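What the coordinates show
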Amino acid sequence: MTEPVTQPLTIPAGEQRMIHVFDLDMRSEQARFLREPGALAQVLGIEYVDLDHVEIFPVSDLEDLGLIGYLRDGCGIPAEQLEADAQRLMAIDGYVLLLRSRAFRGEETRLFPAHQIRHIGDYSELGADWASLPSNPDQTPDSAKPYSAPRPFPRAARSRARRIGATIFAIVMALILLVVLLLAS
């Protein structure tokens, strides 16, 4: 196993799509207690962590899938990233802690984990690649700009509006006639 983190682990501001994996070397009651509000933040040495973006579970719950399979298939982490830490990930036999970037509200955070919490690694989730989109609005194609569709000629627009109006009028009149006929019989 790895040594406990002696230096703080820094989560940079604005970090996105990262999962920080920790081995929890503690009894199951202690690990389950970390799901209580404030408990996890306390053992990480921070003021706040959003529990909606935290997973704490026994690796045995993953059965045949295993932790590596869960990170790869369930969290979308490329297998290449997991290869370097495969031995350490497979060695976890108790509880595991997964912290997603969103757990820190986009703020820079320095973690000071308790000695029972061992950092295993940080892995980036697959996501949409926005790098090919132009960052300069002047490079945006005309077809992607708002109100860029060709405007119909005024005469064509009026004609279309008349057809729609006449259709609605005909449907309403047919319904009224049907109601009158049903009431008369």
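In this report, the structure presented in the accompanying data block is examined. All residue numbers refer to position in the chain's written sequence, counted from 1. Thresholds applied to this predicted model are a pLDDT of at least 70 for local features of residues and 80 or more for the giving and counting of side-chain atom pairs; totals over whole chains, interfaces and linings are not thresholded and use all residues. Just so you know, side-chain values use all the structure's heavy atoms and leave hydrogens and water out.

Considering the packing of aromatic side chains
In this description, an aromatic ring pair is defined by two values, namely the gap between the centres and the angle between the planes. The condition that has to hold: Any pair of Phe, Tyr and Trp rings, taking the six-membered ring for Trp, is counted once the centres come within 6.5 Å. Such a pair is stacked with planes under 30 degrees apart, edge-to-face with planes over 60 apart, and tilted for the rest. A run of H or I in DSSP counts as a helix once it spans at least four residues, and a run of E counts as a strand once it spans at least two, with each numbered from the N terminus. Relative accessibility decides the category of a residue: with a 1.4 Å probe and only protein chains considered, values under 20% of the type maximum give buried, values over 50% give exposed, and everything between is partly exposed.
Enumeration according to the criterion identifies one aromatic pair in this entry. Ring centres of Phe57 and Tyr70 lie 5.5 Å apart, and the angle between their planes is 75 degrees; this geometry places the pair in the edge-to-face category. Taken together, the residues span a long stretch of sequence, with Phe57 in strand β3 (residues 54–58) and Tyr70 in helix α3 (residues 66–74) at a distance of 13 residues. Here the two residues Phe57 and Tyr70 agree in accessibility, since each one is buried.

Here we look at the environment of Gly76
Heads up, the condition is: Contact between two residues is taken to exist if any of their heavy atoms lie within 4.5 Å; hydrogens are not considered.
Structurally, Gly76 is set in the loop between α3 and α4 (79–83). Taking the C-alpha atoms as reference, Gly76 lies 5.4 Å from Leu126; in sequence the two are 50 residues apart. When near neighbours in sequence (up to four residues on either side) are disregarded, Gly76 contacts Leu71, Ser124, Glu125 and Leu126.

Some points on the nonpolar core
Inclusion rule: As used in this record, nonpolar core signifies buried Ala, Val, Leu, Ile, Met, Phe, Trp, Tyr and Cys residues forming a set joined through side-chain atoms within 4.5 Å.
Membership of the largest hydrophobic core comes to 21 residues, with the highest contact counts inside it found for Leu24, Val49, Leu99 and Leu111. Contributing elements (two or more residues each) for this core: β1 (9–11), β2 (18–24), α2 (39–44), β3 and β4 (95–100). Counting residues in each nonpolar core, the second largest holds 19 residues, with Leu67, Ile77, Ala86 and Leu98 among its members.

A word on the pairing of β2
Where a strand is regular, its side chains alternate between the two sheet faces. Heads up, the condition is: Here, any two strands with at least 2 DSSP bridges between them count as paired.
The buried fraction of β2 is high, at seven of seven residues. Here β2 shows two buried faces, one formed by Met18, His20, Phe22 and Leu24 and the other by Ile19, Val21 and Asp23. Direction of pairing for β2 relative to strand β6 (residues 117–124): antiparallel, over a ladder of seven bridges. Of the residues in β6, the one forming a bridge with Leu24 is Ile117. In this structure, β2 lies alongside β4, joined through six bridges in antiparallel fashion. Directly across from Leu24, in β4, lies its bridge partner Tyr95.

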